[in-house]
Every structure is written in structure tokens, then in C-alpha cells.
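Each chain is listed here by its residues.
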Amino acid sequence: MIKLIVFDLDNVLIDGEAINEIGKLMDVEEEISKITKKAMEGDLDFETALKERVALLKGATVEDVKDVVSKIPFMEGAEETIAELKKRGYKIATITGSFEIIVKRMKDDLGLDYAFSNVLHEKEGKLTGEVSGPLVKGSKAEILKEIMEMEKIKAEETAAVGDGANDVSMLEEAGLGIAFNAKPVLKEKTDVVVDKKDLKEILEVFDKEEQENKTLDTTIPDEKAEDTAPEDTIAENKKEEIPMEETKKPAKEKPAETKKPADEKVEKTVKEPSELSEKESQAKKSSPDVKSEVKPEPNPDAGKSFGELLSNKKDLEKRLKILTKERDDLNENAREFKKVRDELNAGIKDNLDKALKYRDERDKINKEVRKYKKLRDDTNQELKKMEYASGRRDILKIQGEIDKIEKTIETKVLDMRKENELVKKVQDLSKTLSQMKEDKKVQSEAIALKEVSEAHHAKVVEFSDKAQETHENMLEYFKNIDDVRTKADQAHNKFIETRETASAKHEAVKTVLNEIRRKNKGLDKVKAKERNMESEKSKKKNMAEKEVAIDIYERFKEGKKLSTEELRLLQKHNIV
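Quick notes on the rules
Residues numbered from 1 in each chain as written. Predicted model: local features only at pLDDT ≥ 70, side-chain atom pairs only at ≥ 80, totals over all residues. Heavy atoms only, no water. Buried < 20%, exposed > 50% of the residue type's maximum accessible area, 1.4 Å probe, protein only. Helix = DSSP H or I, 4+ residues; strand = E, 2+ residues; numbered from the N terminus. Pairing = 2+ DSSP bridges. Patch = residues over 30% accessible without salt bridge, like charges linked within 9 Å, V, L, I, M, F, W, Y side chains within 5 Å. Areas by Shrake-Rupley, 256 points an atom, 1.4 Å probe, with all protein chains shown as cover. Salt bridge = Lys/Arg side-chain N within 4 Å of Asp/Glu carboxyl O. Lys, Arg positive; Asp, Glu negative; His and termini not counted. Charge placed at Lys NZ, Arg CZ, Asp CG, Glu CD. Axes fitted to C-alpha atoms, helices over the stretch in contact; angles between N-to-C directions. Parallel < 35°, antiparallel > 145°, perpendicular 65-115°, else oblique. Left-handed = near helix turned anticlockwise from the far one by under 90°. Contact = heavy atoms within 4.5 Å. Nonpolar A, V, L, I, M, F, W, Y, C, P; charged D, E, K, R; others polar. Core = buried A, V, L, I, M, F, W, Y, C linked by side-chain atoms within 4.5 Å. 1 Å grid on protein atoms, 1.4 Å probe; cavity = no way out; pocket = protein on both sides within 12 Å on 5 of 7 lines; lining within 4 Å. Points joined across faces, edges and corners; volume = space filled by probe spheres on them.

Caption draft 1: Seen up close, the pairing of strand β1 (residues 4-7). Of the two faces of β1, the one holding Leu 4 and Val 6 and the one holding Ile 5 and Phe 7 are both buried throughout. Sheet analysis places β1 next to strand β2 (residues 91-99), joined by four bridges and oriented parallel. Pairing of Leu 4 across the sheet is with Lys 91, part of β2. For β1 and strand β5 (residues 158-162), the ladder comprises four bridges, and the chain directions are parallel. Directly across from Phe 7, in β5, lies its bridge partner Val 161.

Caption draft 2: Up close: a negative patch on the surface. Negative charge collects at one region of the surface, where Glu 361, Asp 465, Glu 469 and Glu 472 lie side by side. Ranked by residues supplied to the negative patch, first place goes to helix α16 (residues 440-557) with three residues. Along the polypeptide, Glu 361 turns up in helix α13 (residues 306-390).

Caption draft 3: How the structure looks around the packing of helix α4 (residues 62-70) against helix α6 (residues 100-110). Packing of α4 against α6 leaves a shortest axis separation of 10 Å and a crossing angle of 40°. It follows that α4 is oblique to α6 by the angle criterion. At the point where α4 passes α6, the crossing takes the right-handed sense. Of α6, the residues touching α4 (which contributes Val 62, Val 65, Lys 66, Val 69 and Ser 70) are Ile 101, Ile 102 and Arg 105. Considering only residue class, the contact of α4 with α6 consists of five nonpolar, one polar and two charged.

Caption draft 4: Examining the nonpolar core more closely. With 49 residues, the main nonpolar core has Ile 5, Phe 7, Leu 85, Ile 102, Ile 178, Ile 202 and Phe 206 as its most contacted residues. Filtering out sequence-adjacent residues up to four positions away, Phe 7 remains in contact with Val 12, Leu 13, Ile 82, Leu 85, Ile 92, Ala 93, Thr 94, Ile 95, Val 161, Leu 199 and Ile 202.

Caption draft 5: Quick look at empty space enclosed by the protein. Taken as a whole and judged by the stated rule, the model has two cavities of 30 Å³ or more. Here the second largest cavity defines a volume of roughly 140 Å³. For the lining of the second largest cavity, the secondary-structure elements that each account for two or more residues are α2 (29-40), α3 (46-55) and β2. Looking at the lining of the second largest cavity, the element that brings in the most residues is β2, giving four residues. Each residue belonging to the lining of the second largest cavity can be placed in one class, and the counts come to five nonpolar, five polar and six charged.

Caption draft 6: Region of interest: the environment of Asn 493. The topology assignment puts Asn 493 in helix α16. For Asn 493, a relative accessible area of 48% gives the class partly exposed.

Caption draft 7: How the structure looks around unusual backbone geometry. You will see that Glu 124, though not glycine, has its phi angle at about 55°, which is positive. Located in the positive-phi region is Lys 152, a residue other than glycine, with phi close to 55°. Note that Lys 152 resides in the loop between α8 (140-151) and β5. Accessibility expressed as a relative area gives 74% for Lys 152, which makes it exposed.

Caption draft 8: Up close: the pattern of salt bridges. Applying the stated criterion to the full structure yields 44 salt bridges. A salt bridge links Arg 518 to Glu 515; the nearest nitrogen and oxygen atoms lie 2.5 Å apart. Residue Arg 518 and its partner Glu 515 are located together in helix α16, separated by three residues, close to a single helical turn. Judged by its relative accessible area of 23%, Glu 515 is partly exposed. For Glu 545, the salt bridge identified is with Lys 572, shortest N-O distance 2.9 Å. Remark: Lys 572 occurs in helix α17 (residues 564-572) and Glu 545 occurs in helix α16; sequence separation between them is 27 residues. Classification of Glu 545 as partly exposed rests on a relative accessible area of 21%. One salt-bridge network, held together by shared partners, links Asp 8, Lys 140 and Asp 167.

Bear in mind that shape data such as this cannot, by itself, settle questions of function.
Here is the structure:
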């Protein structure tokens, strides 16, 4: 069931191209029209075309632009159509590469629920020739997905109306695509084509869509139903939306087939010379007398009876129900995998926030470590200077030398002469040491400095331990991120795999739907043929009766009496 209808603006909701009208202010309408034509026919990408055209508007005053766009008329039937659709409960949006300066007016006047457009840059009341917005580089399909997310609806619950090449993505994404007053490049890719330049014409499309939805619950007729040709009883099950921007690689879709409304005649198409393949071109050259007309494919339903067609249709409807359920189940699974992936990604962010918090805390503690290291090192340096000044360093040096000699005497086997020499040296050094005196004041200051140095060192150890603990906490959260990311990647891969399987299943659904439509057309044709045959039979019977009536009348004139049945026959054919 359609819940959201999205319209292009230029040549759809309004009768004209806004940028062309603005171009008249700068006498560049002709150049703009040429670029627009190329873009709408698909010969120039939209971003390039838009920037080239907007550059031509540089210097136009904003007031003049507002005045021009305020005079652009609505498309024939636009106001009545939008009012009627809103009355029926549809959400209405416009997604356009045109500009906010006119789109705001459309949104207010028509009461649109959503309006997405680009913005013309201005400076000191004049256009700068620059443009920005979601539709400069982005596609209309991406915006449509955003609206679907906000409305919490599926692609099959949306319809899109457009007229040019830049609407292709939007119409292909929507469940129902309508080409309105459109270029050939768009007509080839839509479900419905409306050529009349009156928006009220699309109301018929939604009348039929609503009627189909009313009969959706009876898509599989009772086997004991009367053998009559039912109307189309299948409302098309269109693809469900899974936001493409959430995936690393979108599911590939087959090019959309050209579809026409059920009540339109499909014209035979003949390839243009430029479209002929190399083999066809060679065949054409080698057989100049053979016409290059493409033969239509044979109709597989040709010659089938009403009963055969109805039986085929019932089988297809059973298969459609199975395929639709399989597709919907796959889409539901894909949504679950997407939900798991998104929750895991949120967990990554949570772990990352905590890891960064611990990192910042560690860096802050390390600053304290460096601070107290410097204080300790500076104190130790001062302490060394003080020891030299007080003579303590020399005393320690002599004492160290005495200790070293005494250890040699105790631990090594020496001859008498060598041992006496060492003993004599220890005596001399001890005498020198006894004569040296340390400066008591400097000694006292040195002791105080040593205590300060030890206090600084204690702080270094304390903060270093804290920094190490914080660092380990940070590493733990980074490890958690790796674990969660692995699980998120697995969920994402399952999401992609399931979504692609669902897309393939959807293609099968579309194929069966097309087959059902073809069966319905076949049933209509057979029924019409039967009616024609009955009409011809009735006509012949009527002519035979009239001849009998004429003969009875002639005999009546000759004096023969008439029975009641004969009289009624004469009255039936207006003979008396």
C-alpha cells in the first residue's frame, strides 16, 4: 500500500524550469536551456549541468530572482491533485535539484510534508554563481531513502513522479514509478507513463492502486470459484527498502524493465541504426533486401483457452505467495543483521570513548611523572655540587679506596713485600682521612636536599604506577574494539549476503507478477473474443428470426391467422 508520494518540481509540480526563468534576468536563457536539455535527456551528468547553469546566474539580484520565481505557475491540476492525495492520507514530498528560493513557496502553498532542494549562494544581495545542497552530488534515491527512514516505511510503500534523467534513481528506488510528461530516457524505466500535461491524470493510477490493495487479501482465488475472468486481483509486491548508505557494497539490481499501464497499448519498438549490434549490421549489409525490423517475441499464451489461462494464473499466484514470503523473511533477517551490526558499531564507539578517556588520563599522569623527575634530577644535581663544596666527595673517595685495598688484602694471597706496601698505603690514606673535616653547615643542607630528592622520587614512582595502570586499562578497551569490530564485520557480511539474496528473490517476484499481468491480459482478450462470438451468433439468429417474421407477415396479408407467438415475433422486429 502506497503511503508516500514524491514529486519532482520543475515541469511536474510547476509548469516550467525555475532556472530557465531566472536565466531570463541575465539574458542567458538560451544557454541554460541547452544545458538543461542535455541533462534531462541523460547526455550530461546532473552535477556538471547544475554548476554550469548556476554559474551563468552570477550577478542576478536576489529580489529579482524572488520576483521571477513567484510568478511561475503551478502545473495544470497540481493544486487539486495534491489536495486530493493529502485528503486520502498520503504523505507528499518534493525532491528537486531546483532551489530553496522557490521550493519554500511550493511547500507552503501546497502543504507538502517534505521538501528537499539546493541553495543558491548570495552575497550583498546578489547571486555568486555557486550552489550547494544535498542534490548537487547526491542522488534523489538517497534522499528518498532518508524520508523512508523518517517515516519508517518500505520502498514498496512509496511512489515517485518525475520527468527527466535525474529522476531515474528516485523512480527506480520507489515501489511505483510514474513518468509524467517525461523524456524518452525516463519512460523506458518506469511502471506508468502519463503523457497528458495534467497532474489530475495520475489520480487514476492511485485509484487503481487503491482498488488493487483492497483485493490483496484475495490474491489466490478459491478453486471452486466461477469460471469467469476476474479483474487484476494482485497488488504488486514491490521491493522492501534496506538503506543503501548503510552498506559497504550495495546489492546489484538488474536494469528496470519498461512497464506500461494495463490499459495502454504497447507499441512495437524497432532499433535505431545506431543501436544495431555488429552482427546485425553485417547481416544487414550482406542481405540488403531483408528488412531490419525486429520481430516481436511469440506470445506463449496464444491459442490457450480461458480455462487454461485461469489455471496458469492460479498456479502463478500460489508461487507468488511463496516467493513473497521468502523475500519478506529474507528482508526481515537482513534487518536483524543490520540491527546487530549497528548495535555492535555503537559498542565500538563506546569502547573507543573509554579508551580515549584512559589515554587522556594517562597522558595527564605522565606529565606529573615528568614534572617530579625533573624536580628530583635538579635536586640531585644540586646535591652533587654541595658534596664537592663540602669536601665530602673527597672523603668518600678516600674511604672507598681504603675499602678496596683492605678487601684485596683479605681475599688475595700476596707476598710479604706486596702486602706490606698495601698496609702502608692504607695507613697513609687513613691518616689523610683523619685530617679531613666536612663542612657541618653544608653537610646539614645536603641531608635536607637528599630528603627532598627522595620525596620527589617517591612521587615519580607513585605517578608511574598510576600511569601504567591507566595505560593497561586503555589497551584493554582497544582490544575490546578489535573483538567487537570483528563481530560487526561478520554481521555486516551476513546483512549484505542476505540482502542480495532478498534482491534476487524480489526479481523472481517481479517476474511472476509480470506473468500474472500477462495472464490477466490474455483472460481479457479471450473473454472479449467470446463476447464477440456470442454477439455474432446472436446477430445471425436475429436475422434468421426476422426472415421468418417477414414470411409470417406476408402470409398474414394473404389472410392467414396469427398465433400469439407469431404476433410477438412480428412486434419484436417492428413489422407491425
